[in-house]
Amino acid sequence: MELRVVRVQYRGAEELLERLRGVTLLKRPDVYVYRDAALSLEEIPVEDLYPAQRYVLVHELQKVRHLKWELERFGFDLFHLNGYLKIWLEGEEEAVDLLPPVVEESVERNGRLVNLINDGMHRLYLAYLEWVIPQVVLVRGVPEDLPYYAFPMPEQWKGVQMVKDLPPGYMKKWHRIRDYHSLYRNFNSAFDNVGAPRGYFTKP
């Protein structure tokens with residue numbers, strides 16, 4: 001079933017960035033990972049972004065493209081939100097919060113500074129396919145002991161596979177530490193239903 005957007009409410013950039021400072025770690029709700037970071041909305045070419053995720057799902061990519069078309073009916077550009085949106089979908093009572101993709105500056109062990117994709121992989125892959133320079137939230141100054149839980153892929157977009165489904169044992173990401181779940185950012189600690197409902201679209 002294709003999603004249908006029935007209502008959209010815009011929230012501004014100032015509220016977006018302020019709420020992001022309230023994002024906690026999933027396993028440690030007392031840790032505000034972005035509280036002291038520098039947060040800004042930036043337009044960054046996809047060629048300058050580094051995925052950590054090794055795949056995109058075809059059906060999720062199609063859903064994101066359909067969402068883009070739905071938002072255009074309301075006058076919004078999926079790739080340039082200039083804030084965030086509360087979206088009501090047909091058949092769903094609760095709103096979904098749609099944030100711009102979140103990108104973190106990450107210093108790797110060889111000293112290289114890269115723009116690592118934290119959230120919004122399917123939308124950024126869509127931007128890659130459609131030759132768009134997307135607007136993202138750029139996070140600078142994440143605490144050194146709280147890096148994103150997986151490494152960026154050295155081969156960047158060339159390492160991303162478009163697949164129908166994931167076979168058993170598929171290596172989705174190359175994790176930094178054994179207990180990588182301890183580094184998960186919980187965007188639902190500051191927003192409503194980010195990435196939900198799962199039956200419509202997801203943001204791995």
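All figures in this text were calculated on a predicted structure; none of them were measured in a lab. (Residues numbered from 1 in each chain as written. Predicted model: local features only at pLDDT ≥ 70, side-chain atom pairs only at ≥ 80, totals over all residues. Heavy atoms only, no water.)

*Asks:* Run through the overall build of the protein chain, naming residues and quoting values.
*Replies:* Regarding its fold elements, the protein chain presents three helices and 12 strands. Relative to the globule expectation of 17 Å for 204 residues, the C-alpha radius of gyration of the protein chain, 16 Å, shows essentially globular dimensions. Counting only C-alpha atoms and orienting by the principal axes, one finds that the protein chain spans roughly 45 × 35 × 30 Å. Burial statistics for the protein chain: of 204 residues in total, 51% are counted as buried. When contacts within the protein chain are restricted to residue pairs at least 6 apart in sequence, those whose partners lie at least 24 apart make up 79%. On the protein chain, roughly 10600 Å² of surface is accessible, and the fraction owed to carbon and sulfur atoms is 49%. (Helix = DSSP H or I, 4+ residues; strand = E, 2+ residues; numbered from the N terminus. Rg over C-alpha atoms; globule rule 2.2 N^0.38 Å. Buried < 20%, exposed > 50% of the residue type's maximum accessible area, 1.4 Å probe, protein only. Contact = heavy atoms within 4.5 Å. Areas by Shrake-Rupley, 256 points an atom, 1.4 Å probe, with all protein chains shown as cover.)

*Asks:* A description of the packing of aromatic side chains should follow, citing residues and the corresponding values.
*Replies:* Counting across every chain of the model gives 11 aromatic pairs. Seen from their ring centres, tyrosine 10 and phenylalanine 76 are 6.4 Å apart, and the 20° between their planes marks the pair as stacked. One end of the pair, tyrosine 10, is in strand β1 (residues 5-12); the other, phenylalanine 76, is in the loop between α2 (58-73) and β6 (83-89), with 66 residues separating them in the sequence. Measuring from centroid to centroid gives 5.9 Å for tyrosine 55 and tyrosine 170, while their planes differ by 90°, and the two rings are edge-to-face. Pair noted here: tyrosine 55 is in strand β5 (residues 55-57) and tyrosine 170 is in the loop between β11 (161-163) and β12 (185-186), with a separation of 115 residues, a long-range link. Taken together, the ring pairs in this structure connect Tyr148, Tyr149, Tyr180 and Tyr184 into an aromatic cluster. (Phe/Tyr/Trp six-rings, centres within 6.5 Å; stacked < 30°, edge-to-face > 60°.)

*Asks:* Help me get a handle on the sheet that holds strand β7 (residues 96-98), residues and values and all.
*Replies:* Taken in spatial order, the three strands make up an open sheet running β1-β6-β7, and their pairing is antiparallel. Every interior strand has two partners, whereas the edge strands, β1 and β7, have only one. The sheet shows a mean angle of 25° between the axes of neighbouring strands, direction not considered. Note: β1 against β6, seven bridges, orientation antiparallel. Residue pairing across strands places arginine 11 opposite tyrosine 84, the latter belonging to β6. Taken strand by strand, α2 contacts β1, β6 and β7, and its axis lies near 80° from that of β1. (Pairing = 2+ DSSP bridges. Axes fitted to C-alpha atoms, helices over the stretch in contact; angles between N-to-C directions.)

*Asks:* For the environment of phenylalanine 151, give the residues involved together with the corresponding values.
*Replies:* Mapped onto the elements of the fold, phenylalanine 151 is located in the loop between β10 (135-140) and β11. The spacing of phenylalanine 151 and lysine 173 is 22 residues in sequence and 7.4 Å in space, taken between C-alpha atoms. In this structure, phenylalanine 151 is in contact with Ala52, Glu108, Leu116, Trp174, His175 and Arg176, ignoring residues within four places of it in sequence.

*Asks:* So what's going on with the nonpolar core? Which residues, and what values?
*Replies:* Within the largest apolar cluster, 32 residues are counted, with the highest numbers of intra-cluster contacts made by Leu49, Leu67, Leu71, Leu78, Ile87, Leu98 and Trp157. Those elements giving two or more residues to this core turn out to be β1, α2, β6, β7, α3 (121-129) and β10. The element that contributes the greatest number of residues to this core is α3, accounting for five residues. Excluding residues within four positions of it along the chain, leucine 49 makes contact with Ile44, Val103, Asn115, Ile117, Leu124, Gln156 and Trp157. Counting residues in hydrophobic clusters, the runner-up holds 28 residues, among them Val23, Val31, Tyr34 and Val142. (Core = buried A, V, L, I, M, F, W, Y, C linked by side-chain atoms within 4.5 Å.)

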